[in-house]
Amino acid sequence: MRKTDPEPGFRMKIVMKITLSQFAGFCDGVRRAFDIVDNLDSDKVKKPVYVLGSLVHNRDVVKKIEEKGIKKIDLEGFTRAKEGEIGTVIITAHGVGPQIYGLAKEKNIDIVDTTCPKVIKVQRLAQAYSKRGYAIILVGDKEHKEVKSIFEWGNGRATIISDREDLKNINLAQSEKIIILSQTTQSRDFVDEVYGSVKEKYPDAEIANTICLATNQRQDEIKKIARESDVVMVIGSTESANSTRLYEIAKSLNKKSVFIESDEDMPECGFFKGADTVAVTAGASTPDWIIERVIARLESCKNSLNAV
Ligand code: SF4
């Protein structure tokens, strides 16, 4: 028997160290939006109240909001609504273009604006650079609400770059003054790639760093924990841009990365067999109570694996 072998009859304990990211869960912008809506005084607010899209990309939070009598409306429904059909509209942290504010005014609809201040900053930059005659290169997901809002504040003067294909197709005149802006939750690596490539073609192009701090911190941390852990669990919705980005980064560095929206989507305990370290992180739209439930399920897996 080797010195390191366990004594006969001795059962090896499974370590399975569970580490929770220090940045997991609601970012400041999402927490602010959630608190504003959670604290709405239903006696004072003009009814009916609608939220334009999902306040937070999380089904638990969406349910909580619905329980408060707040219904969801999409852009088309909002645009079609006649005066009196909507009392108040809640604008989500992702922001909207200027025409929504105009439409609300026209239809006498009150606004509860939860646009994240960091998104407002990019919208204002787009507006200012557009007025100064710049061509805007906007790095972000074409279909994402935040990107559409920045595009509209930029007076439709932006070329949106969502992937490498778009990057190849940039076709601006050499005489154009160019500014690069990005969605607040973009991958910094991709923004850097875009900047490098644009600079080669247009050496005078400028860039404004508009990735928010919460996104930067989470992306830095996920790279570290994905390399150091046996399993990575990213909690978030596939509709959430920042959660998806975290998962993509984790997966590129650690094949045993899992993307779940809640504890209900967790893999069976057997999945964790042999894992010494499990790291858990969560996107900016994942509430604490879901993270706590995932950790509790992981602890129970650890105990059941140890009991075998
Ligand atoms: S991820 Fe950043 S920009 Fe988006 S809501 Fe959170 S703090 Fe604001």
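Residues numbered from 1 in each chain as written. Predicted model: local features only at pLDDT ≥ 70, side-chain atom pairs only at ≥ 80, totals over all residues. Heavy atoms only, no water.

A separate point is the pairing of strand β10 (residues 231-235). Along a regular strand, successive side chains alternate from one face of the sheet to the other. The buried fraction of β10 is high, at five of five residues. Judged by which residues are buried, β10 turns out to be covered on both faces: V231, M233 and I235 on one side and V232 and V234 on the other are all buried. Of the strand pairs in this sheet, β10 and strand β12 (residues 277-282) are connected by five bridges, and their pairing is parallel. Looking across to β12, one finds that V232 is bridged to A279. Across four bridges, the pairing between β10 and strand β11 (residues 257-260) is parallel. The residue of β11 that forms the bridge with V232 is S257. Taken together, β10, helix α10 (residues 241-253) and β11 form a β-α-β motif whose crossover is right-handed. (Buried < 20%, exposed > 50% of the residue type's maximum accessible area, 1.4 Å probe, protein only. Helix = DSSP H or I, 4+ residues; strand = E, 2+ residues; numbered from the N terminus. Pairing = 2+ DSSP bridges. Right-handed = clockwise from strand over helix to strand, strands pointing away.)

Under the domain assignment, the protein chain is made up of domain 1 (17-26 + 213-307), domain 2 (28-114) and domain 3 (118-207). With centres defined by C-alpha atoms, the gap from domain 1 to domain 2 works out at 30 Å. The interface is formed by 16 residues belonging to domain 1 together with 12 residues belonging to domain 2. Summing the contributions of domain 1 and of domain 2, the shared interface buries around 1200 Å²; its carbon and sulfur component is 51%. Together, F26, E261 and W289 form the three largest contributors to the area buried by domain 1 at its contact with domain 2, with a combined 49%. For the interface between domain 1 and domain 2, the tally reads five salt bridges. Here R31 makes a salt bridge to D288, at a shortest N to O gap of 3.8 Å. Counting every contact that joins domain 1 to domain 2 gives five residue pairs in polar contact (both at pLDDT 80 or more). Partitioned by chemical class, the residues of the side of domain 1 that touches domain 2 number five nonpolar, five polar and six charged. (Domains from an automatic or database assignment. Contact = heavy atoms within 4.5 Å. Buried area = accessible area lost by both parts, 1.4 Å probe. Salt bridge = Lys/Arg side-chain N within 4 Å of Asp/Glu carboxyl O. Polar contact = N/O pair within 3.5 Å; in protein donor to acceptor, adjacent residues only side chain to side chain. Nonpolar A, V, L, I, M, F, W, Y, C, P; charged D, E, K, R; others polar.)

With that settled, consider the site of the ligand. Around the ligand, a shell composed of C27, G29, C116, K118, T184, T185 and C212 is seen. Put simply, the ligand lies in the largest pocket. Residues that form the shell around the ligand fall into these classes: three nonpolar, three polar and one charged. (Near = heavy atom within 4 Å. 1 Å grid on protein atoms, 1.4 Å probe; cavity = no way out; pocket = protein on both sides within 12 Å on 5 of 7 lines; lining within 4 Å. Sits in = over half its atoms within 2 Å of the grid points.)

What follows deals with α10. Here α10 contains 13 residues, and its C-alpha end-to-end distance of 19 Å stays within 8% of the 18 Å for a straight helix at 1.5 Å per residue. Within the span of α10, buried status applies to A241, N242, S243, R245, L246, I249 and A250. The elements touched by buried residues of α10 are α9 (213-228), β10, β11 and β12. (Expected span 1.5 Å × (residues − 1).)

Of all the residues in helix α1 (residues 28-38), the buried ones are G29, V30, A33, F34 and V37. Looking straight down α1, one finds that the buried residues subtend no more than 130° of arc, so they occupy a single side. Elements that come into contact with the buried residues of α1 comprise α2 (59-67), β4 (88-91) and α11 (288-307). (Arc of directions from axis to C-beta.)

What links the strands of a sheet is backbone hydrogen bonding, and the strands pair in either a parallel or an antiparallel sense. Spatially, β1-β12-β10-β11 is the arrangement adopted by the four strands of the open sheet, whose pairing is parallel. With partners counted over all chains shown, the strands left at the sheet margins are β1 (17-20) and β11, one partner each. Across the sheet, the axes of successive neighbouring strands diverge by a mean angle of 20°, strand direction being ignored. Taken strand by strand, α10 contacts β10, β11 and β12, and its axis lies near 165° from that of β11. (Axes fitted to C-alpha atoms, helices over the stretch in contact; angles between N-to-C directions.)

A complete count under the given rule lists one cavity of 30 Å³ or more for this structure. Considering the residues around the largest cavity, the lining is formed by V51, G53, S54, L55, V62, I65, E66, I70, K71 and K72. If you list the elements that add at least two residues to the lining of the largest cavity, you get α2 and β3 (71-73). Sorting elements by how many residues they give to the lining of the largest cavity places α2 first, with three residues. Residues that form the lining of the largest cavity fall into these classes: five nonpolar, two polar and three charged. (Points joined across faces, edges and corners; volume = space filled by probe spheres on them.)

Let's shift gears to the layout of surface pockets. Looking at the largest pocket, its volume works out to about 480 Å³. If you trace the largest pocket, you find 29 residues lining it, with C27, V30, T185, N242 and A284 closest to the centre. Residue assignment for the lining of the largest pocket shows that the elements contributing at least two residues are α1, α5 (117-131), α9 and α10. Sorting elements by how many residues they give to the lining of the largest pocket places α9 first, with five residues. Looking at the lining of the largest pocket residue by residue, the classes come out as 14 nonpolar, 11 polar and four charged. Its volume calculated, the second largest pocket comes out at about 390 Å³. If you list the elements that add at least two residues to the lining of the second largest pocket, you get β3, α4 (98-106) and α6 (145-153). For the lining of the second largest pocket, the element with the most residues is α6, which contributes four residues. Broken down by class, the residue content of the lining of the second largest pocket amounts to five nonpolar, nine polar and seven charged.

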